[in-house]
Amino acid sequence: MKTRAMKFVKRLLAAALFAPVVAMAAGAALHLDKAPVSTDPAALQNGAKVFVNYCLNCHAASFVRYNRLKDIGLSEDLIKDNLLFTADKIGEQMKIAMTRDNGKLWFGAPPPDLTLVARARASGDGSGADWLYTYLRQFYRDPSRPTGWNNKVFENVGMPHVLWELQGDQVAHIEEKDDGHGGMHKEVSLELSKPGTQTAAEYDKTVADLVSFMVWMGEPMAESRKNIGTFVLLFLAGLFVLSYLLKKNFWKDIH
């Protein structure tokens, strides 16, 4: 009886241990496009413009202050005249007027703060930037959804396609296919049915700039951190060489 109980416990532990692995193997892989993230000030400035005009109505970036935008080459006057829509002073945070309760009522869930979204969306499928770049280019018309929009990357998302005037309307062709595990999965292909004000290449560039800005927003000191890290590594390499030569000099007469 005791042996049977021990065997049962071992099987239970094995099932608990390998269940997540089996679940991950059975799930469909998320195919993400590589985001062309840029640190060029012109790209970041354009991304900031797109973010403030299209995203900041519903999504806050409350861990960033407007005056931080001077780090990407914008003057205080440019920020005040062109980007300061949700605050009175340049030192204020990039917040919105909409409350979480209103967001939940209107969209089904409160729109998340986007300050760290480029870092939070990172996964085994790709970086957070890759996810955002793919997501913002994969909206399609879906009359069954409350907003009239759906998304290939984030199915049944509550967010409407705020950039639809730029990209245009996409329609989805959905096909059921065997997933190789005894089940079926939906394969969605998108087709542009109504062009927007930008060409496909122009829209991709706009999204790339927006994603680059959100990546910068998640860690404004990233470039400085990398530069400091490079300097520290070079210093340690030089210190190692000097230490090695000093060691050789100390031990040259000892055999």
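Residue positions are given per chain, counting from 1 as you read along its sequence in written order. Totals for whole chains, interfaces and linings use all residues, but because this is a predicted model, local features are given only for residues with pLDDT of at least 70 and pairs of side-chain atoms are given and counted only at 80 or more. Each side-chain value is derived from all of the structure's non-hydrogen atoms; neither hydrogens nor water enter the calculation.

Undergrad: Pulling in residues and values, what's your account of the packing of helix H2 (residues 41-55) against helix H8 (residues 200-218)?
TA: Only the stretch in contact is used when a helix axis is fitted, and all axes are lines through C-alpha atoms; the angle between N-to-C directions ranges over 0 to 180 degrees. Secondary structure follows DSSP: runs of H or I at least 4 residues long count as helices, runs of E at least 2 residues long count as strands, and numbering of each begins at the N terminus. Two elements in contact, H2 and H8, have axes separated by 7 Å at closest approach and are oriented at 95°. Taken together, the axes of H2 and H8 are roughly perpendicular relative to one another. Of the residues in H8, those touching H2 at Ala43, Leu44, Asn46, Gly47, Ala48, Val50, Phe51 and Cys55 are Thr206, Asp209, Leu210, Ser212, Phe213, Met214, Trp216 and Met217. Looking at side-chain class alone, the contact of H2 with H8 contains 11 nonpolar, 4 polar and 1 charged residues. We call two directions roughly parallel when the angle between them is under 35 degrees, roughly antiparallel when it is over 145, roughly perpendicular when it lies between 65 and 115, and oblique otherwise. Pairs of residues are marked as contacts when any of their non-hydrogen atoms sit within 4.5 Å. For this scheme, ten residues count as nonpolar: Ala, Val, Leu, Ile, Met, Phe, Trp, Tyr, Cys and Pro. Four count as charged, namely Asp, Glu, Lys and Arg, and the remainder, Gly too, count as polar.

Undergrad: Describe the confidence of the model for the protein, listing the residues and the values that go with them.
TA: Confidence of the prediction at every residue is given by pLDDT, a number between 0 and 100. Across the protein, the average pLDDT comes to 87, with 86% of residues at 70 or higher. Segment residues 12-27 is flagged for pLDDT under 50; beyond a separation of four residues in sequence, or across chains, it makes 2 contacts in the model.

Undergrad: Can you tell me about a nonpolar patch on the surface, naming the residues and giving the values?
TA: A surface patch of nonpolar side chains, about 720 Å² in accessible area, is lined by Ile228, Phe231, Val232, Leu233, Phe235, Leu236 and Leu239. Of note, Phe235 is situated in helix H9 (residues 222-251). Exposure above 30% relative accessible area and the lack of any salt bridge qualify a residue for a patch; like charges then connect within 9 Å, and the nonpolar side chains Val, Leu, Ile, Met, Phe, Trp and Tyr within 5 Å. Residue burial considers only the protein chains on display, and all accessible areas are found by Shrake-Rupley using a 1.4 Å probe. By convention in these notes, a salt bridge is any Lys or Arg side-chain nitrogen within 4 Å of a carboxyl oxygen on Asp or Glu.

Undergrad: Can you explain the UniProt feature "binding site: heme c" (unreviewed entry) in the protein? Please cite residues and give values.
TA: UniProt positions are given in the numbering used here, feature names are shortened, and annotations may be inferred rather than shown by experiment. Per the UniProt annotation, the sites labelled "binding site: heme c" (unreviewed entry) are Cys55, Cys58 and His59. For Cys55, the location among the structural elements is in helix H2. Those residues within four positions of Cys55 in sequence are excluded, and the remaining contacts are Val50, Leu114 and Leu210. The residue His59 is located in the loop between H2 and strand S1 (61-65) in this model. The residues contacting His59, other than those within four sequence positions of it, are Ile96, Pro111, Pro112, Leu114 and Met159.

Undergrad: Break down the nonpolar core for me, citing the residues and quoting the values.
TA: Counting residues in hydrophobic clusters, the biggest one holds 45 residues, and the most contacted among them are Phe51, Tyr66, Leu69 and Met214. Broken down by secondary-structure element, the contributors of at least two residues to this core are H2, S1, helix H5 (117-120), helix H6 (128-135) and H8. Counting residues per element, this core draws most heavily on H8, at 9 residues. Residues within four places of Leu69 in sequence aside, it is in contact with Leu74, Ile79, Leu83, Phe213 and Trp216. Side-chain atoms within 4.5 Å link the members of a nonpolar core, which is a set of buried Ala, Val, Leu, Ile, Met, Phe, Trp, Tyr and Cys residues. Each residue is assigned to one of three classes by its accessible area relative to the maximum for its type, calculated with a 1.4 Å probe on protein chains only: buried under 20%, partly exposed between the two thresholds, exposed over 50%.

Undergrad: Before we move on, could you go through unusual backbone geometry and cite the residues and values that matter?
TA: Even without being glycine, Asn156 reaches a positive phi, approximately 60°. Its location among the elements puts Asn156 in the loop between strand S4 (149-151) and helix H7 (164-167).

Undergrad: Explain the environment of Met94 to me, and be specific about the residues and the numbers.
TA: Position of Met94 relative to the elements: it lies in strand S2 (residues 93-94). Separated by 38 residues in sequence, Met94 and Leu56 place their C-alpha atoms 7.9 Å apart. Sequence-distant contacts of Met94, defined by excluding residues within four places in its chain, comprise Phe51, Val52, Leu56, Ala60, Ala61, Ser62, Val64, Arg65 and Tyr66.

Undergrad: Help me get a handle on the packing of aromatic side chains, residues and values and all.
TA: Given two aromatic rings, their pairing is described by the distance between the two centres and the angle made by the two planes. A pair of Phe, Tyr and Trp rings is counted when the ring centres sit within 6.5 Å of each other, with Trp represented by its six-membered ring. The angle between the planes then sorts it: under 30 degrees is stacked, over 60 is edge-to-face, the rest tilted. Enumeration over the complete set of coordinates arrives at 5 aromatic pairs. Their ring planes at 20° and their centres at 4.7 Å tell us that Trp131 and Tyr135 sit as a pair that is stacked. With Trp131 and Tyr135 both in helix H6, this residue pair falls 4 residues apart, about one helical turn. The pair formed by Trp131 and Tyr135 is uniform in burial state, with each residue classed as buried. One residue, Arg121, lies across the ring of Trp131, its end atom 4.0 Å from the ring centre. Both a distance and an angle decide whether a charge sits over a ring: NZ of Lys or CZ of Arg must be within 6 Å of the ring centre and within 35 degrees of the ring normal.

Undergrad: Tell me what's going on with H2, and back it up with residues and numbers.
TA: Taking 1.5 Å per residue, 15 residues should reach 21 Å; H2 reaches 20 Å between its end C-alpha atoms and fits that length. Buried residues of H2: Ala43, Leu44, Gly47, Ala48, Val50, Phe51, Val52 and Cys55, and no others. Taken together, the buried residues of H2 touch S1, S2 and H8. Given a helix with a known number of residues, its expected span is that number minus one, times 1.5 Å.

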